[in-house]
Every structure is written in structure tokens, then in C-alpha cells.
Amino acid sequence: MSESAPDLLHTEHYPTSTSVEAFRERIALVQQRIDAACVRYGRAAGDVRLLTVSKTFGIDRIRLAYQAGCRLLGENKVQEAEGKYEALREELPDLEWAVIGHLQSNKAKSVARFASEFHALDKLKTAEALDRRLQIEGRSLDVFVQVNTSSEDSKFGLPPEEVHAFVRELPQFSALKVKGLMTLALMDADPERVRPCFALLRNLRDQLRNDIAHAENIRELSMGMSGDYEVAIAEGSTIVRVGQAIFGARATPNNFYWPVSDTATTS
Ligand SMILES: *Cc1c(COP(=O)(O)O)cnc(C)c1O
């Protein structure tokens, strides 16, 4: 595959990291590709943060990632994240957690207790529940509003046309620090079908900052994963969420988590 056409779907080829050195190598490799993409697409060096995603991987592998330098890990399921937090909080007190997947409002209490970031806010009920618990805990939480940029029914996130009204409601929840927007692009082998999802999120952020007085802190775009982070950087990503390119292939295929578009099966 040429550099300009990353393999967006066939993530089963990622080698499994089973040592600190392997983690260091994989992280360095991803970081090099991020840096190169920044140069290629005219982004400032250091504009893009790498968020390592540890979902489905056990405590032993997480320890290795920590020893290789990871201090913040992304998890898409609250229960799994909380279990890992509990298992490691005393041993690795400076390891922080980002919840990047859908949250039911009845789990807000848990997230308010242990998470540093929440990337999948898409309901006022959840915002309210989080804020209430955070006020009790005396904490605040960095949040990202999830947008469904691929208009697939099976994906979480707000339809783009509802994002303005949603963001206007958020200042009432003072414990939520709204940092930006998040999306999962279409799962497709063709970068030119993936790109419009990322471009849509960037345009939406720019419009919010222009249209809403309190939106000047909404800067971040949490977008791009192992298969598509270079396309995301080309379109303005400031946080890429990368799991398999660092930990190795997951046992569960992508279509276990998200729909994979029609052209994917033919490529
Ligand atoms: C799993 C996951 C990722 C990372 O996907 P990889 O293919 O492992 O890089 C990114 N974002 C979300 C929301 C995820 O659930």
C-alpha cells in the first residue's frame, strides 16, 4: 500500500505488543506517522495528541503500555474502564482514563468518579447526570460532543444539525469542560469516502466557534483511529484515538463495534 492510501480496514495485520520495547516501538512509529502527517498537511508540530486506546486488552498489557510511557488510556465501555481503574489505581496512581464510548446516564456516577475525559457526550440527560455527580465529587470533566458524521443509524452521536442547540445548553453544567467534538468516521477502505466525515466535523466546530458566544473553548477535534488517523489529521484532527496500531489486533473485528460500509466488503 502506498503512503497516501493507508489500509483502513485490514487491522488484523497489526502485530501484538507483548513487551515494553514492543510498545515503545509501536508508539514511536505511530508518533512518527503523526508528525509526518502534520508536516505533509501543513499542521503545526505538536498540534495532534495521541490517545492510546486499551479496550479489550488486559491489565498485564496495560502495565507494559504504562512502562512505555502511556499515562492516559481510552476505553469505550464504562464497566471495563472502571474495572481497570480499580485494579490499577494504587499501583499506578498517575494513570488516567478517557471514556470514549457511549454512556447511559445511569453510569454517569461511575464516570464522574474516575474518568479524566469523556469523548461521547450526546444527550442532555447524560450531561445533567454527569454534572450532578461531578458537583458532589468536587471534580470537573473534559468532555467532547459526539457527532454522527456518517448518518448511519447504528452509530451514536448527534445528527450534525442538532449540535448547535445541544452546545447552547451545556454552560448550565458547570463541571463539564467542553473541549471539542468527536466522531467515528465511516468504516471504509477508501479514504475519499472517509474524509467527508472528518471535514464535516471540522466545519461544524468552526461554525460553533463563530456562532455561539461561549464556544471559544471548543477547539479540539477527537477523530481518527488506527486505520484512518492520517486522513483525520489532514482534515484537522487534534486528538487521534489509536488502539490496534499500538496494542496489536483485537480479537473482535471492527464490525463488532460499528457498521462497516458496503464498499468495504469488496476491497
Ligand atoms: C476502539 C476505538 C478506537 C480505536 O480503534 P483502533 O482500531 O483500535 O485504533 C477509537 N475510538 C473509539 C470510540 C473506539 O471505540
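Preceding block: the structure.
Residues numbered from 1 in each chain as written. Predicted model: local features only at pLDDT ≥ 70, side-chain atom pairs only at ≥ 80, totals over all residues. Heavy atoms only, no water.

1. Considering the site of the ligand
Taken together, 14 residues are adjacent to the ligand, and K55, S226, R241, G243 and R250 come closest. A distance of 2.8 Å separates a nitrogen atom of the ligand from a polar side-chain atom of R241. Within the backbone of G243, a nitrogen or oxygen atom sits 2.8 Å from an oxygen atom of the ligand. Across the complex, the protein chains shield 98% of the 380 Å² of accessible surface that the ligand would expose by itself. For the shell around the ligand, the per-class residue count stands at seven nonpolar, four polar and three charged. (Near = heavy atom within 4 Å. Polar contact = N/O pair within 3.5 Å; in protein donor to acceptor, adjacent residues only side chain to side chain. Areas by Shrake-Rupley, 256 points an atom, 1.4 Å probe, with all protein chains shown as cover. Nonpolar A, V, L, I, M, F, W, Y, C, P; charged D, E, K, R; others polar.)

2. Here we look at the packing of helix α1 (residues 20-40) against helix α2 (residues 59-67)
Put simply, α1 and α2 touch, their axes get as near as 8 Å, and they point 60° apart. With respect to their mutual orientation, α1 and α2 come out oblique. Seen from above, α1 lies across α2 with right-handed handedness. From α1, V20, F23 and R24 reach across to α2, where they touch R61, L64, A65 and Q67. Here the contact of α1 with α2 is composed, by residue class, of four nonpolar, one polar and two charged. (Axes fitted to C-alpha atoms, helices over the stretch in contact; angles between N-to-C directions. Helix = DSSP H or I, 4+ residues; strand = E, 2+ residues; numbered from the N terminus. Parallel < 35°, antiparallel > 145°, perpendicular 65-115°, else oblique. Left-handed = near helix turned anticlockwise from the far one by under 90°. Contact = heavy atoms within 4.5 Å.)

3. Some details on the packing of aromatic side chains
Overall, the coordinates contain three aromatic pairs when judged by the stated rule. With 4.9 Å between their ring centres and 80° between their planes, F23 and F247 make a pair best called edge-to-face. Residue F23 is found in helix α1, and its partner F247 is found in helix α9 (residues 244-247); the two are separated by 224 residues along the sequence. Each ring, one from F57 and one from F247, has its centre 4.7 Å from the other, and the planes form 10°; the classification is stacked. With F57 in the loop between β1 (49-53) and α2 and F247 in helix α9, this residue pair connects regions lying 190 residues apart in the sequence. In this structure F247 comes out as buried when scored by relative accessible area, which is 0%. Taken together, the aromatic side chains of F23, F57 and F247 make up a single cluster linked through ring pairs. Of note, R71 hangs over the ring of Y66, and the distance from its end group to the ring centre comes to 3.7 Å. (Phe/Tyr/Trp six-rings, centres within 6.5 Å; stacked < 30°, edge-to-face > 60°. Buried < 20%, exposed > 50% of the residue type's maximum accessible area, 1.4 Å probe, protein only. Lys NZ or Arg CZ within 6 Å of the ring centre and 35° of its normal.)

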